Amino acid sequence: MTWSIVARDPETGHLGIAVASRFFAVGSAVPYMRGGIGAVATQAFVSPLYGTEGLAMLGEGRSPREIIDHLTGRDDGAQQRQLHLIDAAGRNAAFTGAKCIDWAGHIVEDNVSVAGNMLAGPQVLDRTLETYRQHASLPFADRLLSAMDAGEAAGGDKRGRQSAALVIYRDQDHAWLNIRADDHTDPLAELRRLYAVAQERYLHVAETMPTRENPHGMIDRTEIDRKIAGLEAQRAAEGRQSASFATPWTPT
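Figured I'd write up the structure that's included with this text. (Residues numbered from 1 in each chain as written. Predicted model: local features only at pLDDT ≥ 70, side-chain atom pairs only at ≥ 80, totals over all residues. Heavy atoms only, no water.)

### Focus on the overall build of the protein chain
Inference 1: Scanning the protein chain from N- to C-terminus turns up seven helices and ten strands.
Inference 2: Taken over the C-alpha trace, the protein chain has a radius of gyration of 20 Å; the compact-globule value for 252 residues is 18 Å, and the two agree within 12%.
Inference 3: In terms of overall dimensions, the protein chain has a C-alpha envelope of 80 × 45 × 30 Å along the principal axes.
Inference 4: At a minimum sequence separation of 6, the contacts of the protein chain that also span at least 24 residues come to 52%.
Inference 5: Looking at the protein chain as shown, the accessible area adds up to about 12,400 Å², and 52% of this sits on carbon and sulfur atoms.
Inference 6: Between the centroid of the 26 positive side chains of the protein chain and the centroid of its 32 negative side chains there is a distance of 2 Å. (Helix = DSSP H or I, 4+ residues; strand = E, 2+ residues; numbered from the N terminus. Rg over C-alpha atoms; globule rule 2.2 N^0.38 Å. Contact = heavy atoms within 4.5 Å. Areas by Shrake-Rupley, 256 points an atom, 1.4 Å probe, with all protein chains shown as cover. Lys, Arg positive; Asp, Glu negative; His and termini not counted. Charge placed at Lys NZ, Arg CZ, Asp CG, Glu CD.)

### Some details on the packing of helix α3 (residues 123-134) against helix α4 (residues 140-153)
Inference 1: Here α3 crosses α4 at 150 degrees, and the two axes come no closer than 7 Å. Considering their axes alone, α3 and α4 lie roughly antiparallel with respect to each other. Remark: the crossing between α3 and α4 carries right-handed chirality. From α3, Val124, Arg127, Thr128, Thr131, Tyr132 and Arg133 reach across to α4, where they touch Phe140, Arg143, Leu144, Ser146, Ala147, Met148, Ala150 and Gly151.
Inference 2: In terms of residue class, the contact of α3 with α4 is built from seven nonpolar, four polar and three charged. (Axes fitted to C-alpha atoms, helices over the stretch in contact; angles between N-to-C directions. Parallel < 35°, antiparallel > 145°, perpendicular 65-115°, else oblique. Left-handed = near helix turned anticlockwise from the far one by under 90°. Nonpolar A, V, L, I, M, F, W, Y, C, P; charged D, E, K, R; others polar.)

### Structural notes on the nonpolar core
Inference 1: Trp3, Ile5, Tyr132, Leu144, Leu166, Ile168 and Leu177 are the most contacted members of the largest nonpolar core, which has 30 residues in total.
Inference 2: At six residues, the largest contribution of residues to this core is made by α4.
Inference 3: In this structure, Met57, Leu71, Leu85 and Phe95 belong to the second largest nonpolar core, which totals 15 residues. (Core = buried A, V, L, I, M, F, W, Y, C linked by side-chain atoms within 4.5 Å. Buried < 20%, exposed > 50% of the residue type's maximum accessible area, 1.4 Å probe, protein only.)

### Considering a nonpolar patch on the surface
Inference 1: On the surface, Tyr202, Val205 and Met209 cluster together into a nonpolar patch covering about 240 Å² of accessible area.
Inference 2: Here Val205 lies in helix α6 (residues 202-206).
Inference 3: Given the relative accessible area of 33%, Val205 is considered partly exposed. (Patch = residues over 30% accessible without salt bridge, like charges linked within 9 Å, V, L, I, M, F, W, Y side chains within 5 Å. Salt bridge = Lys/Arg side-chain N within 4 Å of Asp/Glu carboxyl O.)

### Structural notes on the environment of Gly116
Inference 1: Position of Gly116 among the secondary structure elements: in strand β8 (residues 112-117).
Inference 2: Overall, the relative accessible area of 0% leaves Gly116 in the buried class.
Inference 3: It is 8.4 Å that separates the C-alpha atoms of Gly116 and Asp157, two residues lying 41 residues apart in sequence.
Inference 4: In contact with Gly116, other than residues within four places in its own chain, are Thr2, Trp3, Gln43, Gln82, Trp103, Ala104, Gly105 and Leu125.

### Overview of the packing of aromatic side chains
Inference 1: Considering all chains together, one arrives at zero aromatic pairs under this definition.
Inference 2: One Lys or Arg, Arg143, reaches over the ring of Tyr132 and ends 3.8 Å from the middle of that ring. (Phe/Tyr/Trp six-rings, centres within 6.5 Å; stacked < 30°, edge-to-face > 60°. Lys NZ or Arg CZ within 6 Å of the ring centre and 35° of its normal.)

### Some details on the pairing of strand β5 (residues 81-87)
In the case of a regular strand, side chains alternate between the two sheet surfaces.
Inference 1: Summarising burial for β5: seven of the seven residues are buried, a large majority.
Inference 2: Both strand β4 (residues 38-44) and β5 contribute to a ladder of seven bridges, which runs antiparallel. Considered in β5, the bridge of Ala44 is made with Arg81.
Inference 3: Two elements, β5 and strand β6 (residues 92-96), share five bridges in a ladder whose sense is antiparallel. Each bridged residue has a counterpart across the sheet, and for His84 the counterpart in β6 is Ala94. (Pairing = 2+ DSSP bridges.)

Pasting the structure below:
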């Protein structure tokens, strides 16, 4: 019912999952992540245990392949499930059960994997991964969203669209970005809109939040306030410019 991309940015070590589906609130069911530990996507006939216990095992230093073998080996329903995951070092692995609904499959490459079931065809994963590779110069979030857009253009979930999510963790136990469109006619477009809104204030404020290394966070907000004020001024100027182009000229 779903396809997703699980990736690690090799330059920063940040972890991300983007997912879309013709299923309500897919972002509440598929992605599991911990900064500096790893990321897990559990889909098809979802098992939350694959997410929670998969992360716990990643935290113990066990390999993604070992984790998949353990989780699926004890699960009588494994052949209806799909799972792919990555650790903090970029090691990854995937599993697609034989009873997942066609088209179903996965692709695993260095620092990234894509997996899906009930898709329009294998081209959905091919285009998702190809676009992710082609956009290495983009910021991590933009790269993940571009990849999912390409998969949607290639057919996506064969039943249609309903929900999508984008989750990115840096090196903390809390997300740097976690946005969802739970029930929307164009959920990936809605993620784009939410990401644009997040860049106005939210992601700047996120830089001030306390971390394990700095439990005080950024107490002096002067620099963040300056950046936000600059962005607001820029948006206001762009709005005035757009309005001037939109207003027809009337001779006096």
